[in-house]
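An overview of the molecular structure
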Amino acid sequence: MTADNTLPELDPVVHAQARLRVMVTLNTLGDGDEIAFPTLKDLLAMTAGNLSVHLSKLEEAGYVHITKTHKGRTPITYVALTKRGRLALEDYTKAIRALLDSTGGIS
Amino acid sequence: MTNDGERVPSPEETLRLIEEQRVATVKALRGDPLLLYAPWGMAWLLGFGAFFLHYGLHGVPYAPISQNQALGVLMSAQVVAGGLAAFGIVKMAGQVRGETSAKGTMYGYSWFVGMVLLGVIATRVSPMLPAAESGLLWAGASLMLVAVLYMTGGAIYLDWPMFFVGVWIAAVNALGVLLGPGWHALLTAVLLGGGQIAAGFWLRRRM
């Protein structure tokens, strides 16, 4: 709980259910690991278009790193959470917990 | 707060969403523990069960099974288990790249090199031993390698259950080798074969 009773600010980039799910999924990967776009899409049950839009927002914020490469002749995109992204998710989770405490939820 | 994605409903629901998504991802990317452990457990249960019937506890066979037939049962069941593991690895290949897959490649080659080296050493030494002791050399040395590599796998992937399965294999193997071929086969079939099947079910329930 925050000492002065001010509510923590929630990061608007993370505070959208779809992007939060993207970040949580990427956060389960080890440091230095990247996940293939189609796998991420299937894990999240999102359409490719929808996921692309959210990834662009996250990339703009510096939270994800996107690598476009080729496997043989097939283009393939890999996605990873940046250090900044991991910190942002950590801060967001802390803020949500603080919010829960201050609203008298389970502490 | 945002206009381009659904808003997160409440703090409680948000925390639940985070946890659910994390668990679902780990499940999908790590694979099913039942498929990882149970086929090897079944292979050892059948294979070492056959060896146990061949050796008997007091040097008298319990069933007319030759050493080669028992070996055939063990090897074919292990090929099935290995095939299932390979299927899992191929399915995962390309989905995630980076440090974890580099670790996996080096770890995979460690298994291969270990098994080849063990084959070289045991092939050289086993003709000097009586048949039962030669079988014990192969089985005991293989299980030593398996135990150490499971423990190493636990260290690489920070996977405590895998580490403790390795400790369990090491302990049962040591006891079995001290007691002799018949006991070694019996303990391996029941405690390690059965144990791996049980571990697979338990780890799946725990996910």
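Attention in this report is confined to the structure presented alongside it. (Residues numbered from 1 in each chain as written. Chains lettered and ligands numbered in written order. Predicted model: local features only at pLDDT ≥ 70, side-chain atom pairs only at ≥ 80, totals over all residues.)

**Some words on the overall build of chain B**
For chain B, the count of helices and strands is seven helices and one strand. Start at the N end of chain B and walk to the C end: the helices and strands fall as α-α-α-β-α-α-α-α. Its C-alpha atoms give chain B a radius of gyration of 21 Å, more than 25% over the compact-globule value 17 Å for 207 residues. In terms of its C-alpha atoms, chain B occupies a principal-axis envelope of roughly 80 × 30 × 25 Å. Taking all contacts inside chain B whose residues are at least 6 apart in sequence as the whole, residues at least 24 apart take part in 64%. (Helix = DSSP H or I, 4+ residues; strand = E, 2+ residues; numbered from the N terminus. Rg over C-alpha atoms; globule rule 2.2 N^0.38 Å. Contact = placed C-beta atoms within 7 Å.)

**Some words on the interface of chain B and chain A**
Between chain B and chain A, the contact holds 25 residues from the first and 31 residues from the second. If you list the elements that add at least two residues to the side of chain B that touches chain A, you get α1 (11-30), β1 (96-98) and α4 (99-125) of chain B. Broken down by element, the side of chain B that touches chain A gets its largest block of residues, 11 residues, from α1 of chain B. Of the residues assigned to the side of chain B that touches chain A, the class counts are nine nonpolar, nine polar and seven charged. (Nonpolar A, V, L, I, M, F, W, Y, C, P; charged D, E, K, R; others polar.)

**Considering helix α3 (residues 67-92) of chain B**
Residue and element names in this part refer to chain B. Taking 1.5 Å as the rise per residue, α3 with 26 residues should run 38 Å; its terminal C-alpha atoms sit 37 Å apart, in good agreement. Those residues of α3 that sit buried are A70, L74, A77 and A81. Here the buried face of α3 lies against α2 (33-55). (Expected span 1.5 Å × (residues − 1). Buried ≥ 20, exposed ≤ 12 C-beta atoms within 10 Å, placed from the backbone.)

**As for the sheet that holds strand β2 (residues 64-71) of chain A**
Within the open sheet, the four strands sit side by side as β2(A)-β3(A)-β1(A)-β1(B). Their pairing is antiparallel. A single partner strand is all that each edge strand has here, and the edge strands are β2 of chain A together with β1 of chain B. Taken pair by pair, the neighbouring strands of this sheet meet at an average axis angle of 35 degrees, ignoring direction. Bridge count between β2 of chain A and strand β3 (residues 74-81) of chain A: eight bridges; the pairing is antiparallel. Residue pairing in the sheet places I66 of chain A in a bridge with V79 of chain A of β3 of chain A. Against the sheet, α4 of chain B engages β1 (33-36) of chain A together with β1 of chain B, with an angle of about 85 degrees to β1 of chain B. (Pairing = 2+ DSSP bridges. Axes fitted to C-alpha atoms, helices over the stretch in contact; angles between N-to-C directions.)

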